[in-house]
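# Fold and contact review
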Amino acid sequence: HPAETTHHSPQGAPASTLALIKAADARYPKRLPCALYCSIYSRRERREIMAAGERNESSAAAAAPLLAAARERKLCKEGCPGCRLDEINKSKTGIPYLNFFYVWVVCLCAALPIQSLFPYLYFMIRDLEVAKQEQDIGFYAGFVGAAYFLGRTISAVPWGIFADKYGRKPCIVISILSVIVFNTLFGLSTTYWMAIVTRGLLGLLCGILGPIKAYASEVCRKEHQALGISLVTSSRAIALVIGPAIGGFLAQPAKKYPNLFSEESIFGRFPYFLPCFVISVLAAGACLACIWLPETLHMYHDDKVEAIEEMEAQVADSTSEDRKAKQSGSCRMASTKNLLKNWQLMSAITLYCVFSLHDTAYLEIFSLWAVSSRKYRGLSFTSQEVGTVLAISGFGVLVYQLLIYPFLAKYAGLVKPFRSAAVCDKNILHQDTSLICLIYCTVPNACLFFQVLSILLLATYPFMANLYGVELKVLINIASLLKNMFAATITIACNILQNTAVAQEQRGVANGISVTLMSIFKAVAPAAAGIMFSWAQKNITGLFIPGDQILFWMLNMVSVIGLSLTFKPFFSMPSALK
């Protein structure tokens, strides 16, 4: 230090500012500029510090709480909605049932437009008179089904950025409003292009898929986050039941319920408006519920706290502790960039995408095939009958996931086809993995086993066109239920493979990559399925086998491709499962 000078305070500096500067100096010793150091410490204080060779520990201990208090003010900033919710969660240790109920309703209303479309899509395209012949209906129907997923693929990342910057609640409200507006307009569509545009805009503006998962984990205490995430999943499972029922039973109401709806009414002139209107009414109720949804994003701007943090950051660069933190951050950044080079992860994501392509194409083909005419080897079902089959399948999958699947998973190690894996690995036990996921580390054997069953089951579908009456309805319901159960099991197995292929702190980014790629495949699937279905109906005879059998054979080929990807050298088992 230079020669001692008369002590004086910085020009116009209040006592609180001096205390904060001293607190920062106490935390990071010997980093203040010399002139500033001499101006804030008295001659006696400097002598004591120099004699000891380091900063006075007692003064550091006395000044350090000022920084802690500043951070506390940041964490509990008045007017910040995220801080307000954190304070509420600190004071209330119970489960926030009301907030969880709002989350569940919002997720349900966002998922219903997806599931309600398929029972009546064939009839809607037919009535829009865009197809020149009946065999072309599937071709045009595929693009309507793909429009929603294409819009969601484009907007998924921007909506995530919007939710991180402006809050989760605005994103949720805009998404629900888009359901109200564009789902209603879709039901009022009078032309094919109006249906395409409204469906695409619905997918583009309904950006709730990612933000609602973040919201469900932030609206509650940490110990209730698993329950919040499970509500998002369960609401979509319920949509598998309610959606097809709404679409199947409420489409064409003037024909099905002539005593209640006349041909001259709006529901007679727009036969597919009623299911869309009912869903829009439910969405309007969910939008009202959003009034009571608390915002979870922290939004504050404290200049004093930011100045302290900036000074801390500048001083911290030269300390060993912060060098380690910086190195750790650099490692995390490099690790994130290397996710795409993680072959274990990418092979699992590829499996997931292929199976998602197959499942979405199956749903499109099944809905078109079931309602098509017998002369094209269809089942001649009504939209009501298709809705019933899909609703029963959805309910069966829900029961399977809640009751049967946990029991199956518990004893999976005893099932011969599932080769046992090291399920007792300590790394797995200490990750946020449920008992179901833990026992189900017999993947990818689960993928292989259930995909083989799915292929065999799907091969029987063309022959069901030879059945009639009760026998047909019983068998098609059983087949559809089993097919959806196999698909649910494969999806869970793929999710386990993805999550065990990366460290816990990278799972958010890994799942983001997975959802984006999966949405692309789901956008392609309906269009490709519609084209395949139209071609099969045009070539029902004249080839070495009927066109409907070729259709399901081509669908099975996607499963075979997925099946082949579960073997080496393509597939790489995550180290946690070895």
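In case you missed it, the structure is sitting above this.
Residues numbered from 1 in each chain as written. Predicted model: local features only at pLDDT ≥ 70, side-chain atom pairs only at ≥ 80, totals over all residues. Heavy atoms only, no water.

## A few points about the side chain of Ser372
Of note, Ser372 is situated in the loop between helix H18 (343-371) and helix H19 (383-410). Judged by its relative accessible area of 0%, Ser372 is buried. Among the polar contacts listed, one links the side chain of Ser372 to the backbone oxygen of Trp369, at a separation of 2.8 Å. Discounting chain neighbours no more than four positions away, the residues touching Ser372 are Tyr122, Gly378, Leu379, Ser380, Phe533 and Gln537. (Helix = DSSP H or I, 4+ residues; strand = E, 2+ residues; numbered from the N terminus. Buried < 20%, exposed > 50% of the residue type's maximum accessible area, 1.4 Å probe, protein only. Polar contact = N/O pair within 3.5 Å; in protein donor to acceptor, adjacent residues only side chain to side chain. Contact = heavy atoms within 4.5 Å.)

## Quick look at unusual backbone geometry
One non-glycine residue, Glu129, adopts positive backbone phi at about 60°. Overall, the relative accessible area of 68% leaves Glu129 in the exposed class.

## A closer look at the pattern of salt bridges
Under the counting rule described, the total for this entry stands at eight salt bridges. Residue Asp136 is joined to Lys538 by a salt bridge in which the shortest nitrogen-to-oxygen separation is 2.6 Å. With Asp136 in the loop between helix H7 (121-127) and helix H8 (137-166) and Lys538 in helix H24 (residues 507-538), this pair connects stretches of sequence that are 402 residues apart. Residue classification places Lys538 among the partly exposed positions, given a relative accessible area of 43%. (Salt bridge = Lys/Arg side-chain N within 4 Å of Asp/Glu carboxyl O.)

## Some details on the packing of aromatic side chains
For the structure on display, the rule yields 21 aromatic pairs. Between Trp159 and Phe162, the ring centres sit 5.3 Å apart and the planes meet at 80°, which makes this aromatic pair edge-to-face. In this pair, Trp159 and Phe162 both sit in helix H8, three residues apart, roughly one turn of the helix. Residue Trp159 is classed as buried on the basis of its relative accessible area of 10%. Centroid distance Phe273 to Phe277: 5.4 Å. Interplanar angle 40°. Geometry classified as tilted. Placement of both Phe273 and Phe277 in helix H15 (residues 273-289) is noted, with a separation of four residues, approximately one turn of the helix. (Phe/Tyr/Trp six-rings, centres within 6.5 Å; stacked < 30°, edge-to-face > 60°.)

## Some words on the packing of H8 against helix H10 (residues 192-205)
Packed helix pairs are specified by the crossing angle of their axes together with the interaxial distance, meaning the distance between the axes. Axis separation between H8 and H10 bottoms out at 6 Å; the angle between their running directions is 25°. Judged on the interaxial angle alone, H10 and H8 are roughly parallel. The crossing of H8 and H10 is right-handed. Judged by residue contacts, Tyr140, Phe143, Val144, Ala147, Tyr148, Gly151, Arg152, Ile154, Ser155 and Trp159 of H8 engage Tyr192, Ile196, Arg199, Gly200, Leu202, Gly203, Leu204 and Leu205 from H10. For the contact of H8 with H10, the class distribution of residues is 12 nonpolar, four polar and two charged. (Axes fitted to C-alpha atoms, helices over the stretch in contact; angles between N-to-C directions. Parallel < 35°, antiparallel > 145°, perpendicular 65-115°, else oblique. Left-handed = near helix turned anticlockwise from the far one by under 90°. Nonpolar A, V, L, I, M, F, W, Y, C, P; charged D, E, K, R; others polar.)

## Regarding the side chain of Gln252
Of note, Gln252 is situated in the loop between helix H12 (225-250) and helix H13 (253-256). In this structure Gln252 comes out as buried when scored by relative accessible area, which is 9%.

## Description of the environment of Gly228
One can find Gly228 in helix H12. For the pair Gly228 and Lys213, spaced 15 residues apart in sequence, the C-alpha separation works out to 8.2 Å. When neighbours within four sequence positions are excluded, Gly228 is seen to be in contact with Phe100 and Ala216.

## Digging into the nonpolar core
For soluble globular proteins, the rule of thumb is that nonpolar side chains tend to be buried together. Ranked by size, the top nonpolar core spans 49 residues in total, and within it Trp369, Tyr461 and Ile476 carry the most contacts. Among the elements that line this core, the one with the most residues is H18, at eight residues. Each of domain 1 (79-298) and domain 2 (337-416 + 431-577) contributes no fewer than three residues to this core. With residues up to four places along the chain from it excluded, the contact list for Tyr461 reads Tyr362, Phe366, Trp369, Ile476, Ala479, Ser480, Lys483 and Phe552. With 39 residues, the next largest nonpolar core counts Ile172, Ile176, Tyr215 and Leu293 among its residues. (Core = buried A, V, L, I, M, F, W, Y, C linked by side-chain atoms within 4.5 Å. Domains from an automatic or database assignment.)

## Digging into the packing of helix H6 (residues 97-116) against H15
Between H6 and H15, whose axes approach to 9 Å, the crossing angle comes to 155°. Judged by the inter-axis angle, H6 sits roughly antiparallel to H15. For the crossing formed where H6 meets H15, the hand is left-handed. On the side of H6, the interface is formed by Tyr102, Val105, Val106, Cys109, Leu112, Pro113 and Ser116, while H15 contributes Ile279, Leu282, Ala283, Ala286 and Ala289. Residue composition of the contact of H6 with H15, by class: 11 nonpolar, one polar and no charged.

Note that every value here comes from positions in space, so none of it alone points to a role or purpose.
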